[in-house]
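What the coordinates show
Below are the chains, spelled out letter by letter.
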Amino acid sequence: MRRCVSVSGILFLAFVMWAGVASAAPAYPVPDSFLAGVPLELGNPDGSAPGSNDWSCRPSDAHPEPVVLVHGTGGARQTNWAVYAPLLANEGYCVYSLTYGNFPGLPWPLDAIGGMTPIDTGTAQIAAFVDRVLASTGAAKVDLVGHSQGTVQANNYVKFFGGADKVAKIVSLAPPWQGTYGNDQISAGRFLRSLGVDDAVAAGFPVCQACPEMLQGSKFIDRMRAGGVYVPGIEYTNIVTRYDELVVPYTSGLEPGPDTTNIVVQDGCEQDYSDHVAVAGSARAAGFVLNALDSDHPREVPCRFVAPVAG
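All values reported here derive from a predicted model rather than from experimental measurement. What you see as residue numbers is a count from 1 along each chain, following the sequence as written. Note on the predicted model: pLDDT of at least 70 is required for a residue's local features to be given, and 80 or more for side-chain atom pairs to be given and counted; whole-chain, interface and lining totals, by contrast, use all residues. Note that water and hydrogens are dropped before the side-chain values are worked out from all heavy atoms of the structure.

A closer look at the pattern of salt bridges
If the charged atoms of two oppositely charged side chains come close together, the side chains can form a pair. How we decide: Salt bridge, as used here: a side-chain nitrogen of Lys or Arg that lies within 4 Å of a carboxyl oxygen of Asp or Glu. Runs of E in the DSSP output that reach at least two residues are strands. Runs of H or I that reach at least four are helices, and both are numbered from the N terminus. Each residue gets one of three labels from its accessible area relative to the maximum for its type: buried under 20%, exposed over 50%, partly exposed in between, using a 1.4 Å probe on protein chains only.
All told, the structure shown has six salt bridges when counted by the stated rule. A salt bridge links Asp 120 to Arg 223, with the nearest nitrogen and oxygen atoms 3.1 Å apart. With Asp 120 in helix H4 (residues 119–137) and Arg 223 in helix H8 (residues 219–225), this residue pair connects regions lying 103 residues apart in the sequence. Judged by relative accessible area, Arg 223 falls into the partly exposed class, the value being 32%.

This is the structure:
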């Protein structure tokens, strides 16, 4: 009898250990470069970055909001998020990403270039995707992590496309809240508008129809800023780099407001030379993102050398 009990106990213990391993989140390799998304796309055309778009995922009590990654201009669900998809999945988040604003009728790899259509067109796709994520996971809200154009896309969604009650946090990498290439005195967008090139005309540009809309003084930027940029009830975190060559000046991303945290990655870490692209691969920026998503459990943010573009 004792032997039978012992064998049964061993079998039960083995089952518990197997079940624990089987239910544990897989550990995905996390690259240290934004450019790691390129070989992923080459090896798996139109695929998703490891750790993302697992439609069987169910949010945990620790991370009840799924995270939706919103890429930047020219990005896609895989090329933009080679670092963040596995990083967040390893942290126990349900992670999702989409390619918006692309031209799906084009052959690969051209169909993997997103953020090209007018911003409102992309936002409508994001709205539908968030609804799909909420329906699949049963969650009440999502958190949005955006890069570049993806940051204003996220805000366009909550401000004008009915997403205010579906989003808890917006975390922005290199956001152009005030638009790019200009200020109140010298504005590329207002200059074009003075020549009769407004957003409707710019939307007819053959390649990047969204690009003119992100210029300082464009009709889109003025609409977003009217009455205040932010939507009440949503927590915002802005992460910018001094070496941003596309959001000019980089301080365009430092927008004050309630429930808002503004971060410059070089503050306290001069060896991080992240530019507009590399900031989406910087371990330091990623540390700030993790803390923004889970502010109740802050961790030390690393400081490492990061080279522009290759960071």
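After that view of the structure, there is still more to cover.
Observations regarding the state of the cysteines
Heads up, the rule is: Any two cysteine sulfur atoms within 2.5 Å of one another count as a disulfide.
Within this structure, the stated rule accounts for three disulfides. The disulfide that involves Cys 57 links it to Cys 94, with 2.0 Å between the sulfurs. Residues Cys 57 and Cys 94 are joined by a disulfide whose S-S torsion is about -85 degrees; by sign, that bridge is left-handed. Taken together, the residues Cys 57 in the loop between helix H2 (37–43) and strand E1 (67–70) and Cys 94 in the loop between helix H3 (84–90) and strand E2 (95–97) connect sequence positions 37 residues apart. Both residues of the pair, Cys 57 and Cys 94, count as buried. For Cys 269, the disulfide goes to Cys 303, at an S-S distance of 2.0 Å. Measuring handedness by torsion sign, the sulfur bridge of Cys 269 and Cys 303 sits at about 95 degrees and is right-handed. Of this pair, Cys 269 sits in the loop between strand E6 (260–264) and helix H9 (283–293) while Cys 303 sits in the segment after H9, and the two are 34 residues apart along the sequence. Overall, Cys 269 belongs to the buried group, its relative accessible area being 0%. Here the disulfide map of the protein reads 1-2, 3-4, 5-6, the bonded cysteines being numbered as they appear in the sequence.

Some details on the packing of aromatic side chains
Rules: Pairing of aromatic side chains here covers Phe, Tyr and the six-membered ring of Trp, requires ring centres within 6.5 Å, and sorts the geometry by plane angle: under 30 degrees stacked, over 60 edge-to-face, intermediate tilted.
With the rule as written, the count across this model stands at eight aromatic pairs. Between Trp 55 and Tyr 96, the ring centres sit 4.7 Å apart and the planes meet at 45 degrees, which makes this aromatic pair tilted. Here the residue Trp 55 occupies a position in the loop between H2 and E1, and Tyr 96 occupies one in strand E2, the gap between them amounting to 41 residues. With a centroid separation of 5.8 Å and an interplanar angle of 75 degrees, the aromatic rings of Trp 55 and Phe 129 are classed as edge-to-face. Within this pair, whereas Trp 55 is found in the loop between H2 and E1, its partner Phe 129 is found in helix H4, the two being separated by 74 residues in sequence. Trp 55 sits in the partly exposed class, given a relative accessible area of 24%.

Some thoughts on the pairing of strand E5 (residues 235–240)
Keep this limit in mind: Here, a strand pair is defined by DSSP locating no fewer than two bridges between the strands.
A large share of E5 lies buried, amounting to five of its six residues. Where E5 and E6 come together, five bridges link them in parallel fashion. Across the sheet, residue Tyr 236 finds its bridge partner in E6, namely Thr 260.

Observations concerning the side chain of Ser 33
This is how it is decided: We define a polar contact as two N or O atoms separated by no more than 3.5 Å, with the added condition that, inside protein, one atom must be a possible hydrogen donor and the other a possible acceptor, whereas residues neighbouring each other in sequence contribute only through side-chain atom pairs.
Examined against the element boundaries, Ser 33 turns out to sit in the loop between helix H1 (2–23) and H2. Looking at Ser 33, the relative accessible area reads 14%, which means it is buried. In this structure the side chain of Ser 33 is engaged in a polar contact, spanning 3.1 Å, whose partner is the backbone nitrogen of Leu 35.

Points about the nonpolar core
Note the threshold: Take the buried Ala, Val, Leu, Ile, Met, Phe, Trp, Tyr and Cys residues and link them wherever side-chain atoms come within 4.5 Å; each set so joined is a nonpolar core. In this description, contact between two residues means that some pair of their heavy atoms is separated by no more than 4.5 Å.
In this structure, Val 68, Val 142, Leu 144, Val 158, Val 167, Ile 170 and Tyr 236 are the most contacted members of the largest nonpolar core, which totals 36 residues. Of all the elements in the fold, those that place two or more residues in this core are E1, H4, strand E3 (142–147), helix H5 (149–160), strand E4 (167–173) and H8. If one sorts the elements of this core by residue count, H4 sits on top with seven residues. In contact with Leu 144, other than residues within four places in its own chain, are Val 68, Val 130, Ala 154, Tyr 157, Val 167, Lys 169, Ile 170 and Val 171. Ranked by size, the runner-up nonpolar core spans 30 residues in total, among them Ala 49, Val 67, Leu 88 and Val 265.

Considerations on the sheet that holds E4
The condition is simple: Comment: axis = line fitted to C-alpha atoms, over the contacting stretch for helices; angle = value between 0 and 180 degrees taken between N-to-C directions.
Spatial ordering of the open sheet is given by E2-E1-E3-E4-E5-E6, a layout of six strands whose pairing is parallel. Two strands lie at the open edges of the sheet, namely E2 and E6, each paired on one side alone. Each strand axis lies, on average, 15 degrees off the axis of its neighbour in the sheet, ignoring direction. Direction of pairing for E4 relative to E5: parallel, over a ladder of five bridges. Note that in E5 the partner of Lys 169 across the bridge is Glu 235.

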